[in-house]
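# Reading the structure
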Amino acid sequence: VQLIRDIEEMKNVAASSRGEGKSIGLVPTMGDFHPGHLSLFRLSRERVQVLVVSVFVNPTQFGPGEDYEAYPRDLDADARMAQGEGVDLLFHPDVDRMYPDGYATYVQVAGLEDLLCGLSRPGHFRGVATVCLKLFHIVKPHLVVFGQKDGQQAVIVRKMIDELNLDVEMMIGPTVREPDGLAMSSRNRYLDEEERREASVLYAALRHAEVLIESGERNPEAVAGRMRALIERAPRARLEYVSLVDARTLKNVDVLMGDVLIALSCWFGKARLIDNLLLNIPSNETA
Ligand code: PAF
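A brief look at the structure comes next.

Looking at the ligand, the residues that line it are Pro-28, Thr-29, Met-30, Asn-58, Gln-61, Val-128, Val-131, Phe-146, Asp-150 and Gln-153. At a separation of 2.6 Å, an oxygen atom of the ligand approaches a polar side-chain atom of Gln-153. Burial of the ligand by the surrounding chains reaches 88%, relative to a free accessible area of 290 Å². Contributions of two or more residues to the shell around the ligand are made by strand E2 (24–29) and helix H6 (124–139).

Shown next as structure tokens:
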């Protein structure tokens, strides 16, 4: 795998690959690869000729007091894993080249960023959308691949691609889970043994919601209430939100029907964990 740090060099390599008629795939990441990342590399690897993975812990998506400094960084380990997955280029730009002094340009997807995770992380999705657009311009991908685990991020980036008329196809890879259901995340490293054991309650709550809905429940508050009660049984869980929303607008729904995102965020110790399920719910009329 070739490491590129320089933005101009990355732009030139991307432009010449395009000039040679090669398709480019980009998987944007913040590094610290786990099997969830590797699954996205594989999805993209099958589809493109040049596979670029960006590794950039993006300061503009972290709020004051969040874990920007603590976020795990290990480029050597990442490079080895990328090599093993057949990644062609690792793009790892410097922070002060991405955001030089006086940097002032941001992308905002209004209406979607002040909901769910955006409520407790103001400015987070503005930072995500901004860095994604910058990366898309630098790497010039035909295909970008994101993970369903960051469900709100996926909805926001898709809307940005659509509304800014970007010529890029987006794929969303399924969430990869530990054997007990916990969604893979770099932040799982922050959990101690007890917290780690209890954190499996998050996926259990999502599955419980799915079972309730399968058995005919269509009231979002009833489902959310049962999920909250289950999660609150874990002594170390500090629940932030459980929401059942329209999968496209992220707005609350009155009745569970059609494409619904069940999303949650919960703290265990120092770790803020998120997870979600995307369901297509049939109407109850025939039941
Ligand atoms: O999902 C992530 O790791 C980040 O939010 C992303 C998309 C790489 C932007 O910094």
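The buried fraction of strand E5 (residues 143–147) amounts to 5 of the 5 residues, a majority that puts the element mostly inside the structure. Residues Leu-143, Val-145 and Gly-147 line one face of E5 and the alternating positions Val-144 and Phe-146 line the opposite face, and both faces are buried. Of the pairings in the sheet, the one linking E2 to E5 comprises 2 bridges and is parallel in character. Residue pairing in the sheet places Leu-26 in a bridge with Val-144 of E5. Where E5 and strand E6 (residues 169–173) come together, 5 bridges link them in parallel fashion. The residue bridging Phe-146 from the neighbouring strand is Ile-172, located in E6. This β-α-β element, E5 to helix H7 (residues 151–163) to E6, shows right-handed connectivity.

In this section: the pairing of strand E3 (residues 50–55). By the criterion of burial, E3 is predominantly enclosed, with 6 of the 6 residues buried. Side chains Val-50, Val-52 and Ser-54 project from E3 onto one buried face, and the interleaved Leu-51, Val-53 and Val-55 project onto a second face that is buried too. Where E2 lies against E3, 6 bridges are found, and the strand directions are parallel. In the strand pairing of E3, Gly-25 is matched with Leu-51. For the crossover from E2 across helix H2 (residues 35–45) to E3, the handedness is right-handed. Direction of pairing for E3 relative to strand E4 (residues 89–91): parallel, over a ladder of 3 bridges. Each residue of the ladder has a partner; that of Val-53, found in E4, is Leu-90. Handedness of the β-α-β unit built from E3, helix H3 (residues 75–84) and E4 comes out right-handed.

A few words now on the sheet that holds E3. Here we have 6 strands laid out as an open sheet, ordered E1-E4-E3-E2-E5-E6, and parallel in their pairing. Edge strands, defined here as strands with exactly one partner in the open sheet, are strand E1 (2–4) and E6. For this sheet, the mean inter-axis angle between neighbouring strands, taken without regard to orientation, is 25°. Across the sheet, H6 lies against E2, E3, E4 and E5, angled at about 150° from E2, the strand it touches most.

Quick look at the nonpolar core now. Grouped together as the largest cluster of nonpolar side chains are 45 residues, with contacts concentrated most on Met-10, Val-52, Phe-91 and Phe-136. In contact with Phe-91, other than residues within four places in its own chain, are Ile-4, Arg-5, Asp-6, Ile-7, Met-10, Val-52, Val-53, Ser-54, Val-55, Leu-135, Ile-138 and Val-139. Core analysis: the next-biggest nonpolar cluster, separate from the first, contains 37 residues, Tyr-68, Tyr-190, Val-223 and Ile-281 among them.

Its identity is not glycine, yet Lys-140 carries a phi of approximately 50°, on the positive side. Here Lys-140 is to be found in the loop between H6 and E5. Among the residues examined, Lys-140 registers a relative accessible area of 23% and is labelled partly exposed. One non-glycine residue with positive phi stands out, namely Asn-165, at about 55°. Along the chain, Asn-165 falls in the loop between H7 and E6. Assessed through its relative accessible area of 63%, Asn-165 is described here as exposed.

The next subject is the side chain of Ser-44. Considering the arrangement of structural elements, one finds Ser-44 in helix H2. A relative accessible area of 0% places Ser-44 in the buried class. Setting aside its immediate chain neighbours within four residues, Ser-44 contacts Gly-25, Val-27, Leu-51, Leu-143 and Val-145.

Among the residues of H3, those classed as buried are Leu-75, Ala-77, Asp-78 and Ala-82. Each buried residue of H3 sits inside an arc of 155° when the element is viewed along its axis, so together they form one side. Structural note: H3 exposes Asp-76, Arg-80 and Gly-84 on the side pointing more than 90 degrees away from its buried face. Of the surrounding elements, those touching the buried residues of H3 are E1, E3 and E4. Phi for Gly-86, located one or two positions after H3, is positive at around 75°.

Quick notes on the rules
Residues numbered from 1 in each chain as written. Predicted model: local features only at pLDDT ≥ 70, side-chain atom pairs only at ≥ 80, totals over all residues. Heavy atoms only, no water. Near = heavy atom within 4 Å. Polar contact = N/O pair within 3.5 Å; in protein donor to acceptor, adjacent residues only side chain to side chain. Areas by Shrake-Rupley, 256 points an atom, 1.4 Å probe, with all protein chains shown as cover. Helix = DSSP H or I, 4+ residues; strand = E, 2+ residues; numbered from the N terminus. Buried < 20%, exposed > 50% of the residue type's maximum accessible area, 1.4 Å probe, protein only. Pairing = 2+ DSSP bridges. Right-handed = clockwise from strand over helix to strand, strands pointing away. Axes fitted to C-alpha atoms, helices over the stretch in contact; angles between N-to-C directions. Contact = heavy atoms within 4.5 Å. Core = buried A, V, L, I, M, F, W, Y, C linked by side-chain atoms within 4.5 Å. Arc of directions from axis to C-beta.

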